[in-house]
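# Overview (structure and organization)
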Amino acid sequence: MVSNSPVPASLELPPVPAPGSPRRLEGRDKLTGRAQYAGDFTSHLTGGVLDAAVVVTSTQATGRILTIDASAANKVPGVRLVLTHENAPRLHAVLATNGAEIGDLLPLQDDKLHYYGQAVAVVVADTLAAARDAAALVHVTYSAPAPDAAFTLAQGRSRSQDVKKVGAGDPGQVQVGHPDKAFAAAPHQVDLTFDTAPHHHNAMEPGAIVAAWEADGGLTVHLPTQFSYGDAVILGEAFGFGLKERLPNIVAQVLGGIEFHHKVRVVSTMTGGAFGSKNANVHLLLAPMAAKLTGRPVKLVLDRAQTFSMMPFRGEMHQRIRLGADAEGRLQAVLHDALLAKGTAGQFVAPIGEATTKVYATPNLGLHVQAAALDTNAPGWMRGPGAPNGQFALESALDTLAYQVGLDPLEIRLRNYADTEPDTGKEWSSKALRECYAQGAERVGWHQRNPQVGSMRGENGRLLGYGMATAIYPTLQLPARARIVLGADGRAVVQTANHEIGQGMITTFTQLAAETLGLPLEQVRLEWGDTRLPYGGMTVGSMTTLSGGAAIQEAAQQVLKTLLKRVVADQASPLYNLAPATLRVENGRIMGPGGASETVAAAMARQPESPITEEATTGRTMGHSRYGREAFGAEFAVVSVDPDTLHVQVERLVGAFAGGRILNPLLVRSQLMGSMVWGLGQALLEQTAMDERTGHWLNDSLGEALVPTNADVADIDIILIEEDDSRGHPLGVKGLGELGITGVAAAIANAIFHATGQRITSLPITLDKLLGTPLPQSAAPASNP
Amino acid sequence: MLETLPYSNAPVPVDLTINGQLHQLAIEPRTTLLDVLREHLGLMGTKKGCDHGQCGACTVLLNGERRVSCLTLAVSHDEATVTTVEGLATGDELSPLQQAFLEYDAYQCGYCTPGQLCSAQGLLHEGHARTRDEVRELMSGNLCRCGAYPHITDAILSVLLTQQPTP
């Protein structure tokens, strides 16, 4: 390196992550601007015309719309339509499988307000500029708001009701043994309450949709979604297509092999981040409603502020954790009470106890979930979705217990290691959590730290703290189908309507098909995200590879079997008359014993009229297993706290994860890393503030609703520990997209406790919360030798 | 007493050289460079994430310097040179930065990526970033909700280290 280098010689070339792993196959498109998201559609993709739609939202949460004056808006040159409840098409009721708001509340059907920021009009114009101008001129008047509106749990506590089912059907009430009695009798007790703020997904791509009605009465929409088939059924129901396929029976249809054949087509090829937010959204219906009236294709993109009220979020949660332990720190009772916000419309209640019921051994366990319906838009699924908050509470309480009993926080977790699934007693399909604890601790230097609270100092006299928590996320699988066509050119096309949301599905699925077929990656092409393709299931719950991957593997195995049968029956093949079981396919070549071989392309070329097409349907048991199936990890945080300003900086995060078989270490690392960044944001930054007077999300912008920036994010070490989980899943894989977030907030909170002695029980951990109590006496002025 | 200034939305001529191609445009003075790119020219590589200059997704190079195009009025930059994500590669050959993003997996959903790339290109040009922490700090105007930051930083550092100016 030259001596006048502007870069310090100490700076080393960062190691390339997972050097052997295939890189993202759509990478070049994403890096050159060619990747096309719904908002990027132009008129030449929709037959020469594409109008712009802009939503007008309510500025009041309750009451009724008295008048909507669109006269000024209609005079703006280029305006084609001002859609309101007065002229909107009447919609039929729909069923939202994810509990989304539109299952209970269809947009623009009447004058009633349910929340601040509700869609009250859609303006359609020739250009975006005209639509924006006109939208600003739509004048809406409202009746007086309801005097008893509730926008926060503090306001809506009297609305609390027990919840029977949370999440996708998990029990909201669990009792194993006699938790109350056992807690009362325990020699060590911890009883803490936790409050976590609402926060929004804020995917970089806002909600967007292009809707076009076809001449034959069919409807095509392009939008980012996590469930194209689900959205198609919703559209079909809403617009009265008389569907044979109805959710949730769509799953039964899939299992019965019935194709999705009505006139609604949903295409979703690129999604600019989803994290749970893009599925059954309100704008899914708004754009087709507008396009129906104008008779022209419409593109609707939400502005950033609108995404706060027209898309879901993680709702406010209040939790109480009671832990009872014996003298050695063994849990005798775990009691988890939760009060969660929900919308007045929408059925979603976060599965807050999904970790509590699975993570630690205890003879007595209680989960009691309540929800209060607030006059806000509906909370929904958000990365985790209940585990990060549940684990923040449980792991903070366990940390407190460790100090109370006098145990190392790592030791108390080992002492309560669940060798079987706590709530069912089932054997685990696999569980290498002990190795995670050991390797994570080793990497972060856990055993070299001074465990005494407030004892450690870093550079510039900052207080240093180490904290840890367990990461846990269920391993799920839903039905999915896949079709593979091996063509005369020896190339395979893989088809499944699953979705690329940044997790790397395109690469993983292509890779999986190629490996199973024995073809080089370049000879396999994936088609995805389109309801004209076989049902691919939902891109949710960290189960894309588990659901769709299983179908692809099975279809590929069938193709391979058919191919081998064909070549051994083909007299022109050098492999003629060999036993199929003696053949193997590698790198596009079929090889038999004694050196006989030919390429797949050569074998297929002899029968150009007969491509091999195979389909597979998997997930018939909906992931039910005789084993307990969870992915686990151990997450460690090192934080520094400025003793004067109390500014918290996460210096380092280490995550050691056991996630079954790892198909593509690069993509898995990236997902876990991103997920840990989410945990950091949840711990320190993210909160959407509710105006208790009006119901308005006050900080509805990326300038004020903070998410982690590059400078907020620490060095992140990911350790992957492979497990043989073949008895849990045919691919031996586990869900990893959400695992990474689940323990981070707790690990950071525990590290802050270690640094400062302050047990912060509400998220995010902002400066004001740390100002509450003085720093520990041991945090004397810097005297680091 | 406030004076009402005359204002006209009438289109005015603006010449912009975008990715090497001269565009002679007539646009309303209020039009942002971002909307010129996307709505007028159909150059959809540059993304709109917030339209408020808060997320960085719309970052382009304006006369070689990184700018959030959503807060840039096109009429203020008559005769300027603009490079967008579409203009970073040479034909099919990715730029060193694009190649580094590919190798280091410095992106996931890809929506912030055009802005990250242009911002990083501008950063390299500025020559201020000398350490990992400086790269982090100086790239903090570009949000990535997927959380690819450590890989973004690695990718930029790799280019910083291998693209040393020769003495």
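Sequence order as written defines residue numbering, which begins from 1 separately in each chain. Written order determines the labels here, with chains lettered from A and ligands numbered from 1. Confidence filtering applies because this is a predicted model: local features only for residues at pLDDT of at least 70, side-chain atom pairs given and counted only at 80 or more, and all residues used for totals across whole chains, interfaces and linings.

### Looking at the overall build of chain B
The number of helices and strands found in chain B is five helices and five strands. Counting from the N terminus, the helices are the DSSP runs of H or I reaching at least four residues and the strands are the DSSP runs of E reaching at least two. Along chain B, helices (α) and strands (β) appear in the sequence β-β-α-β-β-β-α-α-α-α when read from the amino end. The globule rule is 2.2 Å times the number of residues to the power 0.38, and the radius of gyration it is compared with is taken over C-alpha atoms. Taking 167 residues into account, the globule formula puts the C-alpha radius of gyration at 15 Å, and chain B, at 17 Å, falls close to it. Reported as C-alpha extents along the three principal axes, the dimensions of chain B are approximately 55 × 40 × 35 Å. Counting other C-beta atoms within 10 Å of a residue's C-beta gives its exposure: the residue is buried at 20 or more, exposed at 12 or fewer, and partly exposed in between, where C-beta atoms are placed from the backbone. Considering chain B as a whole, with its 167 residues, one finds that 53% of them fall into the buried category. Any pair of residues counts as being in contact when their C-beta atoms, constructed from backbone geometry, are within 7 Å of one another. A sequence separation of at least 24 residues applies to 56% of the contacts in chain B between residues at least 6 apart.

### Some words on the sheet that holds strand β1 (residues 12-18) of chain B
All names here are of chain B. Only strands that DSSP links by at least two bridges are regarded as paired with each other. One open sheet accounts for five strands, arranged β2-β1-β5-β3-β4; its pairing is mixed. Two strands lie at the open edges of the sheet, namely β2 (21-27) and β4 (65-68), each paired on one side alone. Direction aside, the axes of adjacent strands within the sheet are offset by 40° on average. Of the pairings in the sheet, the one linking strand β3 (residues 59-62) to β4 comprises four bridges and is antiparallel in character. Considered in β4, the bridge of Leu-62 is made with Glu-65. Geometry is summarised by axes, namely lines fitted to C-alpha atoms with helices restricted to the contacting stretch, and by angles between N-to-C directions that run from 0 to 180 degrees. Seen against the sheet, helix α3 (residues 113-126) touches β3 and β4 and runs at an angle of roughly 40° to β3.

### As for the packing of helix α2 (residues 96-104) of chain B against helix α5 (residues 149-162) of chain B
To describe two helices that pack against each other, one gives the angle between their axes and the distance between the axes. Residue and element names in this part refer to chain B. It is the contact of α2 with α5, at a shortest axis distance of 9 Å, that shows an interaxial angle of 135°. Judged by the inter-axis angle, α2 sits oblique to α5. Read as a crossing pair, α2 and α5 show a hand that is right-handed. Residues Pro-96, Leu-97, Ala-100, Phe-101 and Tyr-104 of α2 touch α5, and the partners they reach there are His-151, Asp-154, Ala-155, Ser-158 and Val-159. When the residues that make up the contact of α2 with α5 are grouped by side-chain class, the tally is seven nonpolar, two polar and one charged. For classification purposes, an angle smaller than 35 degrees is called roughly parallel, one larger than 145 roughly antiparallel, one from 65 to 115 roughly perpendicular, and anything else oblique. Working rule for handedness: look at the near helix, and if it is turned counterclockwise from the far one by less than a right angle, call the crossing left-handed; if clockwise, right-handed. Polarity classes work like this: nonpolar for Ala, Val, Leu, Ile, Met, Phe, Trp, Tyr, Cys and Pro, charged for Asp, Glu, Lys and Arg, and polar for all others, with Gly in that last group.

### Examining unusual backbone geometry
Residues and elements named next belong to chain A. That bond from Leu-763 to Pro-764 is cis: its omega, -5°, falls within 30 degrees of zero. Turning to its location among the elements, Pro-764 is positioned in the loop between β32 (762-763) and α18 (767-770). The backbone of Ala-18 shows a phi angle near 40°, a positive value even though the residue is not glycine. Along the chain, the position of Ala-18 falls in the segment before α1 (27-32). Positive phi outside glycine occurs at Asn-202, with the angle close to 50°. Tracing the backbone shows Asn-202 in the loop between β11 (199-200) and β12 (208-213).

### Looking at the interface of chain A and chain B
Opposite the 52 residues of chain A that make contact, chain B presents 56 residues. Elements with a contribution of two residues or more to the side of chain A that touches chain B: α1, α16 (665-684) and β31 (715-721) of chain A. Residue contributions to the side of chain A that touches chain B peak at six residues, all from α16(A). Broken down by class, the residue content of the side of chain A that touches chain B amounts to 27 nonpolar, 18 polar and seven charged.

### Remarks on the domain arrangement of chain A
All names here are of chain A. Domains assigned within chain A are domain 1 (38-383), domain 2 (386-471 + 625-769) and domain 3 (480-618). Relative to domain 2, the C-alpha centre of domain 1 lies at a distance of 28 Å. The set of elements that each furnish at least two residues to the side of domain 1 that touches domain 2 consists of β9 (173-176), β10 (188-196), β11, α9 (304-310), β17 (317-325) and β18 (331-343). Examining the composition of the side of domain 1 that touches domain 2, we find that seven residues originate from one element, β10, more than from any other. Considered class by class, the residues forming the side of domain 1 that touches domain 2 number 28 nonpolar, 19 polar and eight charged. These domain boundaries are the output of an automatic or database domain assignment.

### Examining the sheet that holds strand β26 (residues 589-591) of chain A
All names here are of chain A. Pairing is antiparallel in the open sheet, where three strands are placed in the order β25-β26-β27. The open sheet has two edge strands, β25 (584-586) and β27 (597-599), and neither has a second partner. Put simply, the sheet's adjacent strands are angled 25° from each other on average, direction ignored. Across three bridges, β25 lies against β26 in antiparallel orientation. Bridge pairing in β26 links Arg-584 to Met-591.

### Some words on the environment of A:Ser429
With respect to the secondary-structure elements, A:Ser429 resides in the loop between α11 (409-415) and α12 (433-444). Aside from chain neighbours lying at most four places away, what touches A:Ser429 is A:Ser625, A:Tyr627, A:Gly628, A:Arg629, A:Asp725, A:Arg727 and A:Gly728.

### Considering the packing of helix α13 (residues 505-517) of chain A against helix α14 (residues 544-568) of chain A
All names here are of chain A. Taken N-terminus to C-terminus, the directions of α13 and α14 make an angle of 30°; their axes are 9 Å apart at the nearest point. The angle between α13 and α14 places the two elements in the roughly parallel class. When you trace α13 past α14, the crossing you get is right-handed. Every residue of α14 that contacts α13 at Met-505, Thr-508, Phe-509, Leu-512, Ala-513, Thr-516 and Leu-517 is listed here: Thr-544, Thr-545, Gly-548, Gly-549, Ile-552, Gln-553, Ala-556, Gln-557, Val-559 and Leu-560. Here the contact of α13 with α14 is composed, by residue class, of nine nonpolar, eight polar and no charged.

### Brief notes about the nonpolar core
To count as a nonpolar core, a set of buried Ala, Val, Leu, Ile, Met, Phe, Trp, Tyr and Cys residues must be joined through C-beta atoms within 7 Å. In this structure, A:Ala53, A:Val123, A:Ala290, A:Ala513, A:Ile748 and A:Ile752 are the most contacted members of the largest nonpolar core, which totals 309 residues. When neighbours within four sequence positions are excluded, A:Ala53 is seen to be in contact with A:Val122, A:Val123, A:Val124, A:Ala131, A:Ala287, A:Ala290, A:Val298, A:Lys299 and A:Leu300.

### A closer look at α13(A)
Each α-helix winds once per 3.6 residues, and so residues spaced three or four apart point in a common direction. Residue and element names in this part refer to chain A. Helix span, as expected, comes to 1.5 Å for every residue beyond the first. Look at α13: 18 Å from first C-alpha to last across 13 residues, which is about the 18 Å you get at 1.5 Å a residue. Taking burial as the measure, the 13 residues of α13 include 12 buried ones, the bulk of the element. Of all the residues in α13, the buried ones are Met-505, Ile-506, Thr-507, Thr-508, Phe-509, Thr-510, Gln-511, Leu-512, Ala-513, Ala-514, Thr-516 and Leu-517. Directly after α13, the chain includes Gly-518, whose backbone phi takes a positive value near 75°.

### Observations concerning helix α10 (residues 387-405) of chain A
Residues and elements named next belong to chain A. The end-to-end C-alpha distance of α10 is 25 Å, a good match for the 27 Å that 19 residues give at a rise of 1.5 Å each. The element α10 is extensively covered by neighbouring structure, given that 16 of its 19 residues are classed as buried. Where α10 ends, the next residue or the one after it, Gly-406, has phi of about 90°, a positive value.

### Observations regarding the domain arrangement of chain B
All names here are of chain B. On domain assignment, one finds that chain B holds domain 1 (2-87) and domain 2 (96-163). At the interface, 15 residues of domain 1 touch 13 residues of domain 2. Residue assignment for the side of domain 1 that touches domain 2 shows that the elements contributing at least two residues are β3 and β4. Examining the composition of the side of domain 1 that touches domain 2, we find that three residues originate from one element, β3, more than from any other. When the residues that make up the side of domain 1 that touches domain 2 are grouped by side-chain class, the tally is six nonpolar, six polar and three charged.

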